[in-house]
Amino acid sequence: MKRILFALALVFAAVPFFAFAQNSASENALVSARVISSLSIAKNKDLDFGKVAQGVGAVAIAPDNTKAVKFTITGEPSETIKVTFTSPANLVSGSNNLPFTSNVKANTADVVASSSALTSGSNLLLGSDGKAYVYLGGSINVGATQARGNYTGTFAINVEY
């Protein structure tokens, strides 16, 4: 009996030792942030075809025309941005439509002559001065039976890092 009690005492004495034995490990993670300039975009004017006579046909304003729109984008120098835009398929006057096709180009320098065609969703690199330029021109086609009126549409552009 003494042996059994002694054996039980040894077992119970060992249980707390094993029950409270701990195994642990740890690791650290670096948490960081790089704060950069916020993005802004500004236009110099709206795209205005002016007065156009019925039946004149195609009228175009090239991106390098003085009537074209220039968007100036400003942000963190040498960062890549994504440019998305939506262009109206038609300019509208009441229930009448006037077909419109946009012509969009972009450049890191403010030199439209060396700019490249830009499609929505494209990436664009900001220059070392933190700027990039998007130029908007387009064309309309005025048929002989085009209804008279003031036609408008909205070209919407968005930029993001």
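Structure shown above.
All values derive from a computational prediction rather than experimental measurement. (Residues numbered from 1 in each chain as written. Predicted model: local features only at pLDDT ≥ 70, side-chain atom pairs only at ≥ 80, totals over all residues. Heavy atoms only, no water.)

> Explain the side chain of Ser122 here, please?
Its location among the elements puts Ser122 in strand E8 (residues 122–125). Within the structure, Ser122 has its side chain in polar contact with the backbone oxygen of Thr119 (distance 2.7 Å). (Helix = DSSP H or I, 4+ residues; strand = E, 2+ residues; numbered from the N terminus. Polar contact = N/O pair within 3.5 Å; in protein donor to acceptor, adjacent residues only side chain to side chain.)

> Mind showing me how you'd approach the sheet that holds strand E10 (residues 156–160) here?
Two modes of strand pairing occur in sheets, parallel and antiparallel, and in both the strands are linked by backbone hydrogen bonds. If you walk across this open sheet you meet the three strands as E8-E4-E10, and the pairing is antiparallel. Of all the strands in the sheet, just E8 and E10 have a single pairing partner and so form its edges. For this sheet the average axis-to-axis angle between neighbouring strands, irrespective of direction, equals 30°. Here four bridges tie strand E4 (residues 80–86) to E8, and the two strands are oriented antiparallel to one another. Across the sheet, Val83 pairs through a bridge with Ser122, a residue of E8. (Pairing = 2+ DSSP bridges. Axes fitted to C-alpha atoms, helices over the stretch in contact; angles between N-to-C directions.)

> Help me understand the packing of aromatic side chains, please; the structure alone is not making it clear to me.
Each aromatic ring pair is specified by the distance between its two centres and by the angle formed by the two planes. Here the structure, examined in full by the defined rule, presents three aromatic pairs. With a centroid separation of 6.3 Å and an interplanar angle of 80°, the aromatic rings of Phe49 and Phe100 are classed as edge-to-face. Note that Phe49 is positioned in the loop between strand E1 (40–43) and strand E2 (57–61) and Phe100 in strand E6 (residues 96–107), a separation of 51 residues in sequence. Look at Phe49 and you get buried, because its relative accessible area is 12%. (Phe/Tyr/Trp six-rings, centres within 6.5 Å; stacked < 30°, edge-to-face > 60°. Buried < 20%, exposed > 50% of the residue type's maximum accessible area, 1.4 Å probe, protein only.)

> Sorry if this is basic, but what is going on with the environment of Asp46 here?
For Asp46, the location among the structural elements is in the loop between E1 and E2. According to the relative accessible area criterion, Asp46 is exposed, its value standing at 52%. Each C-alpha atom, one on Asp46 and one on Val69, is 6.0 Å from the other, the two residues being 23 residues apart in sequence. For Asp46, the contacting residues outside a window of four places in its chain are Lys67 and Val69. (Contact = heavy atoms within 4.5 Å.)

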